[in-house]
Amino acid sequence: MKLALYLPNFRDEVTVKELEDLTALAEDLDFDSVWTLDRVIVPEKSDRAEMEYPFGMMAGLPSGLPVISRGKWFQGWPLIPWLAAKTTKLRIGMSITNTPFRGPAVLATELATVDHLSGGRLNVGVGSGWMPEEFAAASVPHLFPRRHAHVRDTLEIMQGIWNNELYEHHSEFADFELSGFGHKPVQDPLPIFFSGLQDPKRSAKRIAKYGLNGWIGIQDSPEDIKRWKGEMERELNELGRGFPDNFEMCSMIWTVITDEPMDQSDNGKVTNLLAGTAQQIEDRLKAYKEAGMTMPLIWPPFRDVPTSKTMDDLKRINDEIMPKVNAS
């Protein structure tokens, strides 16, 4: 099992120096990768838990974001080329790029450029988005009902641009004549991770059709991981396919090491999955490994835990806990 760091660029308050320090530590600890979060807005009504949908449209979560609307956070995408310049070993990516907020061809060329800037260390995470209020702020409210189709079209356009010297496309979301788009990515293929949090069948179809390299969930228990992986595998088998080689099964999980044991009984997505004592976290990571997870994305808490504490936790997880997990 590998480790990845989900940088806390989205929290009540964070500084560039904190993100820099966390990234440097992840590089020193030989983590596999660092990821940022794609967030454009926090609606003011989120503070009152009055948003149209709960976080991620996931049952059991409140209809409000875990960060206050007056918070001081950073948008995830501009951090990616900065991370490329700050690191030499870590893979970098944004989990998840909401494709309806970007023009598919523009996104394809930007990703190819960043892959060169990073020396071929870019991971591409894609998803549809889930917050109507954010679609409005991104000036694409009309795309909300068609967001899943937009993801499909974006995947097709990006791969078409990356795999052909010249490419043209004519569809609902993009209409351009035969054109060149500059440098192709260093990596062939450029790894693409999908986040489909509602429907294993939809995820399996994306994986099969586009040869995707990984799936990323949010706050999934070991039982969730086992279920998702099993259901996607069954769907892939029905399509006459299997998981691609070295397929990454991942989830973004809130993580903190505590002195006293935490209640980790099942309470859905708000369960303390990786919040607890070192022994609790070791036991949970062993369960994830057995369930088929290949890479947890360690997600620092949104507030009340200083970066210095998170850095200490990352060292303990890497140096003390993971050797036991990987030996199990």
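Everything quoted here is computed from the prediction, not taken from an experiment.

Draft legend 1. Structural context of helix H8 (residues 278-291). The end-to-end C-alpha distance of H8, which contains 14 residues, comes to 20 Å, matching closely the 20 Å that a straight helix rising 1.5 Å per residue would cover. What H8 keeps buried is the set Ala-278, Gln-280, Ile-281, Glu-282, Arg-284, Leu-285, Tyr-288 and Ala-291. Buried residues in H8 make contact with helix H7 (222-238), strand E10 (248-257), strand E11 (274-276), strand E12 (295-299) and helix H9 (307-327). Looking one or two residues beyond H8, the residue adopting positive phi is Gly-292, at roughly 110°.

Draft legend 2. Local environment of the layout of surface pockets. Size it by volume and the second largest pocket reaches roughly 280 Å³. Lining the second largest pocket are 17 residues; nearest its centre among them are Pro-66, Gln-219, Trp-254, Val-270 and Phe-302. For the lining of the second largest pocket, the element with the highest residue contribution is E10, accounting for three residues. The residue inventory of the lining of the second largest pocket, partitioned by class, reads twelve nonpolar, five polar and no charged.

Draft legend 3. Highlighting the nonpolar core. Residues Leu-111, Met-158 and Trp-162 are the most contacted members of the largest nonpolar core, which totals 69 residues. Apart from residues lying up to four places away in sequence, Met-158 is in contact with Pro-104, Leu-107, Ala-108, Leu-111, Val-124 and Val-126. Formed by 25 residues, the second largest nonpolar core is a distinct cluster that contains Phe-10, Leu-37, Trp-130 and Ile-218.

Draft legend 4. Spotlight on the side chain of Ser-195. If you trace the backbone, Ser-195 turns up in the loop between strand E8 (192-194) and helix H6 (200-210). One polar contact links the side chain of Ser-195 to the main-chain carbonyl oxygen of Ile-216, over a distance of 3.2 Å.

Draft legend 5. Fine view of H7. A rise of 1.5 Å per residue sets the reference length of H7, with its 17 residues, at 24 Å; its end C-alpha atoms lie 24 Å apart and thus fit the reference within 8%. Looking only at H7, the buried set comprises Pro-222, Ile-225, Trp-228, Gly-230, Met-232, Glu-235 and Leu-236. In this structure, the buried residues of H7 make contact with H6, strand E9 (214-218), E10 and H8. The positive-phi residue at the C-terminal boundary of H7 is Gly-240, with phi of around 75°.

Draft legend 6. Quick look at the packing of helix H1 (residues 16-28) against helix H2 (residues 79-86). Running from amino to carboxyl end, H1 crosses H2 at an angle of 50°, the nearest separation of the two axes being 11 Å. One finds that H1 runs oblique with respect to H2. In this structure, H1 meets H2 at a crossing whose hand is right-handed. On H2, the residues touching Val-16, Leu-19, Glu-20 and Thr-23 of H1 are Leu-79, Trp-82, Leu-83 and Lys-86.

The rules behind the values
Residues numbered from 1 in each chain as written. Predicted model: local features only at pLDDT ≥ 70, side-chain atom pairs only at ≥ 80, totals over all residues. Heavy atoms only, no water. Helix = DSSP H or I, 4+ residues; strand = E, 2+ residues; numbered from the N terminus. Expected span 1.5 Å × (residues − 1). Buried < 20%, exposed > 50% of the residue type's maximum accessible area, 1.4 Å probe, protein only. Contact = heavy atoms within 4.5 Å. 1 Å grid on protein atoms, 1.4 Å probe; cavity = no way out; pocket = protein on both sides within 12 Å on 5 of 7 lines; lining within 4 Å. Points joined across faces, edges and corners; volume = space filled by probe spheres on them. Nonpolar A, V, L, I, M, F, W, Y, C, P; charged D, E, K, R; others polar. Core = buried A, V, L, I, M, F, W, Y, C linked by side-chain atoms within 4.5 Å. Polar contact = N/O pair within 3.5 Å; in protein donor to acceptor, adjacent residues only side chain to side chain. Axes fitted to C-alpha atoms, helices over the stretch in contact; angles between N-to-C directions. Parallel < 35°, antiparallel > 145°, perpendicular 65-115°, else oblique. Left-handed = near helix turned anticlockwise from the far one by under 90°.

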